[in-house]
Amino acid sequence: MSVNAMCYESQFFEFTPQTCILRVYITFQDFLFEMLLVVEKVIMKKLESIQVPRISHFQIRESTEKYLHFINERFNILFQKMEKWLLKLVLSIPKNILLPEDKVHAQYTYNKEEFDLLKHETDTLQNKYKAESLAKQALIAELEEQKQVQAELEKVLVWFDGLDKICREHGNIDLKESFGFVTQNSRKLQDKVIEIDLKYKKIKVDGSALTPVCLRSRKPK
């Protein structure tokens, strides 16, 4: 059997040519052996029907095995020639033939430096794509958060509109003016509180400075 790997042929046929040849060889061997068994049975029947000196079954089997050995030697010689031509003419792919999936390599040939450069550019693009994907996810999350905030603001505006409507129905002034008036008065109250607190602290400091200090007189001895 041939020891050539024939990887390209195995890729095309999806089996190794040597395996195919081996199966053909085994098939011929099995057929030859079965044929000789049939011939042996026919000879036994013929010998039983004619008047000849008795020939034992062992002698017939011995003769059959010798014939099988002879045929097998001739068959091996012929099969070696057949294997050679099958592997060369039938189960081989010429050197100038490319499989469809390999034609792209013939169109775009790269040396090691060009391949490394292309790999570097591919890695760079992949990293950029990952960064843009993360940024996109962050923007989507921010948009979702803004939608939630907008929904809450719309609820507040609806609440203010309802409160303004209630105020108008009960004859009150405009709600915005009311909030402005309340805000203005609260600021005035804060200023007054700060002013009173400062005056209180000042009075407390002045009062403590004017308070007389009583000295304990000593008793005479």
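Residues numbered from 1 in each chain as written. Predicted model: local features only at pLDDT ≥ 70, side-chain atom pairs only at ≥ 80, totals over all residues. Heavy atoms only, no water.

Per an unreviewed UniProt entry, the chain goes by the name Protein MIS12 homolog and belongs to Hymenochirus boettgeri. If you open the UniProt record of the chain and go to Subcellular location (unreviewed entry), you find "Chromosome, Centromere, Kinetochore". (UniProt positions renumbered as here; feature names shortened; annotations may be inferred.)

Novice: Teacher, can you tell me more about the pattern of salt bridges here?
Specialist: Any two side chains of opposite charge can pair, on the condition that their charged atoms come close. For the structure shown, the criterion picks out four salt bridges. The closest approach of N and O atoms between Glu152 and Lys155, which form a salt bridge, is 3.8 Å. Separated by three residues within a single helix, Glu152 and Lys155 lie in helix α5 (residues 112-169), roughly one turn from each other. Given the relative accessible area of 46%, Glu152 is considered partly exposed. With a relative accessible area of 54%, Lys155 lands in the exposed category. (Salt bridge = Lys/Arg side-chain N within 4 Å of Asp/Glu carboxyl O. Helix = DSSP H or I, 4+ residues; strand = E, 2+ residues; numbered from the N terminus. Buried < 20%, exposed > 50% of the residue type's maximum accessible area, 1.4 Å probe, protein only.)

Novice: Just checking my understanding: could you explain the confidence of the model for the chain for this structure?
Specialist: Any segment with low pLDDT has predicted coordinates that should not be analysed in fine detail. Summing up the model confidence of the chain, the mean pLDDT is 76 and the portion of residues at 70 or higher is 74%. Scored below 50 in pLDDT, residues 209-221 makes zero contacts in the model with residues more than four places away or belonging to other chains. (pLDDT = per-residue confidence, 0-100. Contact = heavy atoms within 4.5 Å.)

Novice: Looking at this structure, how should I read a nonpolar patch on the surface?
Specialist: A contiguous nonpolar surface patch, about 360 Å² in accessible area, is contributed by Phe31, Met35, Val39 and Ile43. Structurally, the position occupied by Met35 is in helix α2 (residues 17-49). (Patch = residues over 30% accessible without salt bridge, like charges linked within 9 Å, V, L, I, M, F, W, Y side chains within 5 Å. Areas by Shrake-Rupley, 256 points an atom, 1.4 Å probe, with all protein chains shown as cover.)

Novice: Which parts of the structure should I look at to understand the nonpolar core?
Specialist: When a protein is soluble and globular, its nonpolar side chains tend to lie buried together. In this structure, Met6, Ile21, Phe75, Phe79, Leu87 and Leu91 together form the largest nonpolar core, which totals six residues. Sorting elements by how many residues they give to this core places helix α3 (residues 57-90) first, with three residues. (Core = buried A, V, L, I, M, F, W, Y, C linked by side-chain atoms within 4.5 Å.)

Novice: What's the story with the packing of aromatic side chains in this structure? I'm lost.
Specialist: Within a pair of aromatic rings, the relevant descriptors are the distance that separates the centres and the angle that separates the planes. Applying the stated criterion across every chain yields a total of four aromatic pairs. Taken together, a centroid distance of 5.8 Å and an interplanar angle of 25° make the contact between Tyr25 and Phe75 stacked. Here Tyr25 is found in helix α2, whereas its partner Phe75 is found in helix α3, with 50 residues between them in sequence. What links up through ring pairs into an aromatic cluster is the set Tyr25, Phe28, Phe75 and Phe79. Between Lys84 and the ring centre of Trp85, over which it is positioned, the NZ or CZ distance is 5.9 Å. (Phe/Tyr/Trp six-rings, centres within 6.5 Å; stacked < 30°, edge-to-face > 60°. Lys NZ or Arg CZ within 6 Å of the ring centre and 35° of its normal.)

Novice: What should I look at first to understand α2 in this one?
Specialist: With 33 residues, α2 should reach 48 Å at 1.5 Å per residue; the first-to-last C-alpha distance of 49 Å fits that figure. Packed against the buried residues of α2 are α1 (7-13) and α3. (Expected span 1.5 Å × (residues − 1).)

Novice: How should I be thinking about α3 in this particular structure?
Specialist: For an α-helix, the turn length of 3.6 residues means that residues three or four places apart are oriented alike. For α3, the complete set of buried residues consists of Ile60, Thr64, Phe75, Phe79, Glu83 and Leu87. Buried residues in α3 make contact with α2.

Novice: I would appreciate a short explanation of the side chain of Gln29 in the present structure.
Specialist: With respect to the element layout, Gln29 can be found in helix α2. Residues within four places of Gln29 in sequence aside, it is in contact with Asn72, Phe75 and Asn76.

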